Amino acid sequence: MEQTVVLIKPDGMEKHVVGQIIDRFERAGLVIKNLKLVQLTQEILDVWYAHHKDKPFFPELSAQMMSTSVVAMVLEGDGAIQKVFDICGPTDPQEAVAGTIRKDYGVDKPHNVVHRSDSVEAAQKEIGWIFKPEELY
Ligand code: CMP
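Being a predicted model, the structure only gives us computed values, none of them experimental.

Participant: What should I look at first to understand the overall build of the protein in this one?
Facilitator: A count of helices and strands for the protein gives seven helices and four strands. Each helix and strand of the protein, placed in order from N terminus to C terminus, yields the pattern β-α-α-β-α-α-β-α-α-β-α. Against the globule reference of 14 Å for 137 residues, the protein gives a C-alpha radius of gyration of 14 Å, in line with a compact fold. Each of the three principal axes of the protein carries a C-alpha extent, and together these read 35 × 35 × 25 Å. When the 137 residues of the protein are sorted by exposure, 47% land in the buried category. Look at the contacts in the protein between residues 6 or more apart in sequence, and 76% of them connect residues 24 or more apart. Roughly 7,000 Å² of accessible area belongs to the protein as shown, and the carbon and sulfur atoms make up 55% of that amount. Distance from the positive charge centre (15 side chains) to the negative charge centre (21 side chains) of the protein: 1 Å.

Listed below in structure tokens is the structure:
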């Protein structure tokens, strides 16, 4: 069983589509292992987005990610990483196909509604940054 992390970003929170987003994952057979509201900090984002830290959009990305609390969840299932990737669509909502979360609710790269883990290794790190082991049910 694979696990992956999804964050519903501030633009998704402000659109009030949390329930609709979770519904898509559950309908795909993914199981919620934990879910909570988190206020991200610059400290977490410096680690989370370490690969983007030198990019010109990093300050804007950080400010956006801290602008409201976010929903963080761990989803589990066979091929969870790929399943969640397919349900979310690519980073740029304008390149996403209809029926994906990013196409249906997103605007552009900074406002792409959700974060999802890129790989099993990334998922394990992200789980550790947000959840304690005893929080995974
Ligand atoms: P995500 O894939 O969740 O993680 C990195 C985020 O950086 C990405 O979503 C986008 O929200 C943002 N991002 C990536 N590329 C750009 C870009 N060129 N301009 C602005 N934001 C970006």
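Participant: For this particular structure, what's the right way to read the nonpolar core?
Facilitator: Ranked by size, the top nonpolar core spans 19 residues in total, and within it I21, F25, M73, I101 and V114 carry the most contacts. Every element with two or more residues in this core is listed here: β1 (2–8), α2 (18–27), β3 (70–77), α5 (80–88) and α6 (101–105). Here the element with the most residues in this core is α5; it accounts for four residues. Once residues lying within four places of it in the same chain are set aside, the contact partners of I21 are I8, I101, Y105, V113 and V114.

Participant: Would you mind going over α2 with me for this structure?
Facilitator: Along an α-helix, residues three or four apart share an orientation, since each turn contains 3.6 residues. For α2, the set of buried residues is I21, I22 and F25. The buried residues of α2 occupy an angular sector of 95° when the element is viewed end-on, so they sit on one face. In α2, the exposed positions angled more than 90 degrees off the buried face are occupied by G19 and R27. Tucked inside the fold, the buried residues of α2 contact β1, β2 (31–38), β3, α5, α6 and β4 (114–116). Within two residues after α2, G29 carries a phi angle of roughly 90°, on the positive side.

Conventions we followed
Residues numbered from 1 in each chain as written. Predicted model: local features only at pLDDT ≥ 70, side-chain atom pairs only at ≥ 80, totals over all residues. Heavy atoms only, no water. Helix = DSSP H or I, 4+ residues; strand = E, 2+ residues; numbered from the N terminus. Rg over C-alpha atoms; globule rule 2.2 N^0.38 Å. Buried < 20%, exposed > 50% of the residue type's maximum accessible area, 1.4 Å probe, protein only. Contact = heavy atoms within 4.5 Å. Areas by Shrake-Rupley, 256 points an atom, 1.4 Å probe, with all protein chains shown as cover. Lys, Arg positive; Asp, Glu negative; His and termini not counted. Charge placed at Lys NZ, Arg CZ, Asp CG, Glu CD. Core = buried A, V, L, I, M, F, W, Y, C linked by side-chain atoms within 4.5 Å. Arc of directions from axis to C-beta.

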